[in-house]
Amino acid sequence: MGLSFVQMQKHTLLLSFQSLGVVFGRLSTAPLYVYGTIPVEEFTSSDSAYQYLSFIFWTLTIVTLLKYAIIVLRADDDGEGGPFALYSLLCRHAKVGLLPNDRNANKVMHYEAGSPFRIKKETRARRAIENNKTSHYLMLLSALFGACMMIGDAVLTPAISVLSASSGLQRSLADMADIFSSSPKEQDLIAEDLNKYVPVPFACAILVCLFTLQHYGTHKIGFMFAPIIIVWLLFIGGVGIHNIVQCEPKIISAISPVYMYRFIRNIDKRSWRSLGSILLCIAGTEAMFADLGHFSRKPLQIVFVSLIYPILILCYAGQAAFISKNYENFEDFNHLSRSVPKLARHVFVVLSLLASVVGSQASLTGSFSIINQCLALGCFPRVKVIHTSDKLNGQVYIPDVNWLLMVLSLCVTIGFHDAVRIGNAAGLAIVSGMLVTSFLMSLVIALYWEKSWLVSLCFLLFFGFVEAIYLSACMLNFHKGAWSLFVFVALSLTIMLAWHYGTMKKYELDLQNKVSTEWLTDYSPGLGVARVPGIGFIFTDIVTGIPAFFSHFITNLPAFHQVLIFVSFKSLPVPHVPPSRRYLIGRVGAKTYKIFRCIVRYGYCDRIRDTDDFEEQIIRSIAEFISQEENDFESLVSPEGRMIVVGKPSPEGNAIIPVQDTCSDVGTTSVANNETPVRRKKKVRFTLPENRPKMNVFVRQELQELIDARESGTAYLLGRSHLTVRQGSSFLKQFLIKTYVVCDQNCRAHPVALNIPHAALVEVGMVYTI
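Residues numbered from 1 in each chain as written. Predicted model: local features only at pLDDT ≥ 70, side-chain atom pairs only at ≥ 80, totals over all residues. Heavy atoms only, no water.

**Digging into the overall build of the protein chain**
Counting secondary structure elements, the protein chain contains 27 helices and 14 strands. When contacts within the protein chain are restricted to residue pairs at least 6 apart in sequence, those whose partners lie at least 24 apart make up 83%. Total accessible area computed for the protein chain in this model is approximately 32,900 Å², and 60% of it derives from carbon and sulfur atoms. (Helix = DSSP H or I, 4+ residues; strand = E, 2+ residues; numbered from the N terminus. Contact = heavy atoms within 4.5 Å. Areas by Shrake-Rupley, 256 points an atom, 1.4 Å probe, with all protein chains shown as cover.)

Next up, the structure:
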């Protein structure tokens, strides 16, 4: 136990260290632009710095510390965070999901005896929400909207972070203008040219480098970036203490809410608008929750409470102390670089550039996690997902999304070339995502934690009120850059809704056009259908009946394989499905037909679809089913009969034994002839175990037939349904379906990502008119 405890502590410390470079970079680099995006006209007296610091302190304390670090991080979905994690909790515990599923097979897939996915006890509120279809769409729309805000934040965060740091570099070079010329006029011209040509091009170059690094994965990036953030935090914390001591020790009194009251008492439209800049102090908080799957709750809480929170308070207090004494002495007094002592200013420039790159990482990893969840739940077009860690399933990288985010971030940087305008859009993305989290979290408190609705309502009203204040301030800046976020969100939300709508419609049509199992088992032999040697895998979305594309195939080519396996992938609203409950195996028709159905259940973080040995796993699962069928090990009732839950087969095998048949071509190792042996891996073969003499003779015979069929070869049949819109349909329906068709035709990933050899794949097209 002692060793286990020590290992757990080491693992926690390791994740805490990595989280500094991935999760908390955004929060740590926010001082680069929080005060800097407030118009200088708003600092009318030294008291203004006190008032803004009071807002910063209480915003960090209420939203980041209390809401997220203490409450929201506890609402993880088996370690996963973000709006879709909250939505998946509601899908399971309130039955509000709108995922495409066959209602006849719903109980079999979700709530069988002993399953960890059963919903909680029935209550009046849960029953009311379950019966209200409008609330289902509202929750899904909220989750999609929150996901779009997270993705939008991943576009804006790199732009504002890097551009702010590049502006600091420009100011540092401008201070050195006297080295290049002694003429004041020429110095002004040099400073003007530096301001024109340095920040944006330099920021673009750094952005390209940042997005190029993403393929290394969270684990390696965390180790590379964490030391930079540690040095950065110690630096800005030291500068903050220096400014407090040298400029205004009394600035600590600004934590009193009295200063917020003074601000509100004299507020006008212009000063209210500046609260949108104050909101940026909590930039990265929502990403902290979204990145929960990359790490875990305990390391994030430890790092934030013990390191990030106190240092940020010291940094903001120090900058406010500097501003209170120098707001009339410098033109750009509100930028962080001005508050840094001259001796350390060049060190600050280098550190800020490095830290700004790190600060963008939290939003990027958060967006990858969110999109991965959307993919599994059928709300995003198919893209290739690369799992960058074998130990933590939540660490993913999506190449297509990464390059798209890079292009959009570059466009924002070049188009606005102004941190203030980008900050207005970023602030709107931050507070909008937080409002979605507050709404979904209030439902989770009532329906999942089963607290009283009064507690849920208090949570929503308290935190929602704080965030609504900042939302109103951000909306005042809509014409000053925030409009760009709405353009991006409208585009991404349209694509998500169209993909979900098209997926739902296609699945409904597959259900309507399916053929009964009797057609295949009873009538097909009478139609002259022949059985050929081998195994045929039929991939279909439906879990009962025969898919229409297969009956279409049989009609035109009256033959199918000796062993037929209908394979269906079903994503459940959970992060992970344990291997012991992953496969549901059953028969279609009598034993003599040798037709099986395999339902593969997986969570939105499982990597079941991109494994190379999937075919072997299915065959071994079928073999386990055949051996367990007589014993009725764990039997379930489905519309087609009995099905058995089969776990992932053990490496040594039970019913059949895998034989790794790896050989090398004939060759020589002669160095003189520069010849080396070429090793070629063959597919896994199977054999019956010799140490099971009590195995039933008929079971042994059927297992041998399965092995012989595998040796004869395998083929894969995949249905490709194409949607068309009926003339006279509504404009909205035509728009959604056409958008879905365009996305489907341009997807970079295949419908079934199992590395199927092209020579063994047969695609059968079906056209549905809606």
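**Structural notes on the confidence of the model for the protein chain**
Looking at the protein chain as a whole, the pLDDT averages 81, with 82% of positions reaching at least 70. Looking at the elements of the protein chain, mean pLDDT is at its lowest for strand S11 (residues 679-681), recorded as 42, and at its highest for helix H3 (residues 46-71), recorded as 94. Per-residue pLDDT stays below 50 along residues 110-119; that stretch engages in 31 contacts with residues further than four places along the chain or on separate chains. Predicted confidence is poor over residues 662-681, with pLDDT under 50, and the contacts of this stretch with residues over four places away or in other chains come to 17 contacts. (pLDDT = per-residue confidence, 0-100.)

**Observations regarding the environment of Pro-533**
The residue Pro-533 is located in strand S3 (residues 530-539) in this model. Each C-alpha atom of the pair Pro-533 and Arg-710 lies 8.8 Å from the other, and the pair is 177 residues apart in sequence.

**Topic: helix H12 (residues 258-265)**
Of the positions making up H12, those classed as buried are Tyr-259, Met-260 and Phe-263. Taken down its axis, H12 places every buried residue within 100° of arc, on the same side. Counted as exposed and oriented over 90 degrees from the buried face of H12: Tyr-261 and Arg-265. (Buried < 20%, exposed > 50% of the residue type's maximum accessible area, 1.4 Å probe, protein only. Arc of directions from axis to C-beta.)

**Comments concerning the pattern of salt bridges**
In the structure shown here, the tally under the stated rule is 14 salt bridges. Where Glu-711 meets Arg-685, a salt bridge forms, and the shortest distance between an N and an O atom there is 3.3 Å. Residue Glu-711 is found in helix H26 (residues 697-712), and its partner Arg-685 is found in strand S12 (residues 685-687); the two are separated by 26 residues along the sequence. Overall, the relative accessible area of 38% leaves Glu-711 in the partly exposed class. Taken together, the salt bridges that share partners define one network made up of Glu-615, Glu-616 and Arg-710. (Salt bridge = Lys/Arg side-chain N within 4 Å of Asp/Glu carboxyl O.)

**A few points about the environment of Arg-620**
Mapped onto the secondary structure, Arg-620 falls in helix H25 (residues 614-629). Considered as a pair, Arg-620 and Phe-686 are 66 residues apart in the sequence and their alpha carbons are 8.9 Å apart.

**With respect to helix H4 (residues 83-94)**
Three- or four-residue spacings in an α-helix give side chains the same orientation, since the helix completes a turn every 3.6 residues. Taking 1.5 Å per residue, twelve residues should reach 16 Å; H4 reaches 16 Å between its end C-alpha atoms and fits that length. Counting buried positions along H4 yields twelve of twelve residues, so the element is predominantly enclosed. Buried within H4 we find Pro-83, Phe-84, Ala-85, Leu-86, Tyr-87, Ser-88, Leu-89, Leu-90, Cys-91, Arg-92, His-93 and Ala-94. Just downstream of H4 lies Lys-95, where phi reads positive at about 55°. (Expected span 1.5 Å × (residues − 1).)

**A short note on unusual backbone geometry**
If you check the backbone angles, Glu-450 has positive phi at about 60° while not being a glycine. Structurally, Glu-450 can be placed in the loop between helix H20 (419-447) and helix H21 (453-475). Given a relative accessible area of 36%, Glu-450 falls into the partly exposed group.

**Structural notes on a nonpolar patch on the surface**
Among the surface-exposed residues, Met-475, Phe-478, Trp-483, Phe-486 and Val-487 lie close enough to one another that they form a single nonpolar patch of about 460 Å² accessible area. Counting residues per element, the nonpolar patch draws most heavily on helix H22 (residues 483-512), which supplies three residues. (Patch = residues over 30% accessible without salt bridge, like charges linked within 9 Å, V, L, I, M, F, W, Y side chains within 5 Å.)

**A word on the packing of aromatic side chains**
By convention here, two paired aromatic rings are described through the distance between centres and the angle between planes. For the structure shown, the criterion picks out 27 aromatic pairs. Ring geometry for Trp-499 versus Tyr-740: centroids 4.8 Å apart, planes at 40°, classification tilted. One end of the pair, Trp-499, is in helix H22; the other, Tyr-740, is in helix H27 (residues 731-745), and 241 residues separate them in sequence. You'll find Trp-499 and Tyr-740 in the same group, each marked buried. Chaining the aromatic ring pairs together yields one cluster made of Phe-43, Tyr-52, Phe-55, Phe-263 and Phe-333. The residue whose ring lies beneath Arg-74 is Trp-449, and the NZ or CZ to ring-centre distance is 4.9 Å. One residue, Arg-262, lies across the ring of Tyr-259, its end atom 4.8 Å from the ring centre. (Phe/Tyr/Trp six-rings, centres within 6.5 Å; stacked < 30°, edge-to-face > 60°. Lys NZ or Arg CZ within 6 Å of the ring centre and 35° of its normal.)

**Notes on the nonpolar core**
Phe-24, Tyr-35, Leu-60, Phe-84, Ile-308 and Tyr-316 are the most contacted members of the largest nonpolar core, which has 175 residues in total. Element by element, the count of residues in this core is highest for helix H7 (residues 133-175), at 18 residues. Leave out the neighbours within four places in its chain, and Leu-60 touches Leu-27, Leu-65, Cys-281, Ile-282, Tyr-309, Leu-312, Ile-313 and Tyr-316. Counting residues in hydrophobic clusters, the runner-up holds 37 residues, among them Phe-539, Cys-598, Ile-618 and Ile-622. (Core = buried A, V, L, I, M, F, W, Y, C linked by side-chain atoms within 4.5 Å.)

**A closer look at the side chain of Ser-356**
Relative to the assigned elements, Ser-356 resides in helix H17 (residues 345-359). A polar contact of 2.7 Å, which involves the side chain of Ser-356, links it to the backbone oxygen of Leu-353. (Polar contact = N/O pair within 3.5 Å; in protein donor to acceptor, adjacent residues only side chain to side chain.)

**Quick word on the pairing of S3**
When S3 meets strand S4 (residues 559-571), the two strands line up parallel, connected through eight bridges. Bridge pairing in S4 links Arg-531 to Phe-560. Bridge count between S3 and strand S13 (residues 714-724): five bridges; the pairing is parallel. Counted as the bridge partner of Ile-538 is Leu-717 from S13. (Pairing = 2+ DSSP bridges.)

**Some points on the environment of Ile-302**
Mapped onto the elements of the fold, Ile-302 is located in helix H16 (residues 297-326). Using a relative accessible area of 38% as the deciding quantity, one classes Ile-302 as partly exposed. Taking the C-alpha atoms as reference, Ile-302 lies 7.5 Å from Ser-16; in sequence the two are 286 residues apart. If we ignore the near neighbours within four places in the chain, the residues touching Ile-302 are Thr-12 and Leu-307.

**A few points about the packing of H3 against H12**
In contact at an axis separation of 8 Å, H3 and H12 are set at 115° when each is read in the N-to-C sense. In terms of axis orientation, H3 runs roughly perpendicular to H12. The handedness of the crossing between H3 and H12 comes out as left-handed. Mapping the contact onto sequence places Asp-47, Tyr-50, Gln-51, Tyr-52, Ser-54, Phe-55 and Trp-58 in H3 and Tyr-259, Met-260, Arg-262, Phe-263 and Ile-264 in H12. Of the residues in the contact of H3 with H12, the class split is eight nonpolar, two polar and two charged. (Axes fitted to C-alpha atoms, helices over the stretch in contact; angles between N-to-C directions. Parallel < 35°, antiparallel > 145°, perpendicular 65-115°, else oblique. Left-handed = near helix turned anticlockwise from the far one by under 90°. Nonpolar A, V, L, I, M, F, W, Y, C, P; charged D, E, K, R; others polar.)

**Quick look at the pairing of S4**
Among the 13 residues of S4, eleven are classified as buried, and the element is accordingly described as predominantly covered. Where S4 lies against strand S6 (residues 595-602), eight bridges are found, and the strand directions are parallel. Along S6, the bridge assignment pairs Ile-565 with Phe-596.

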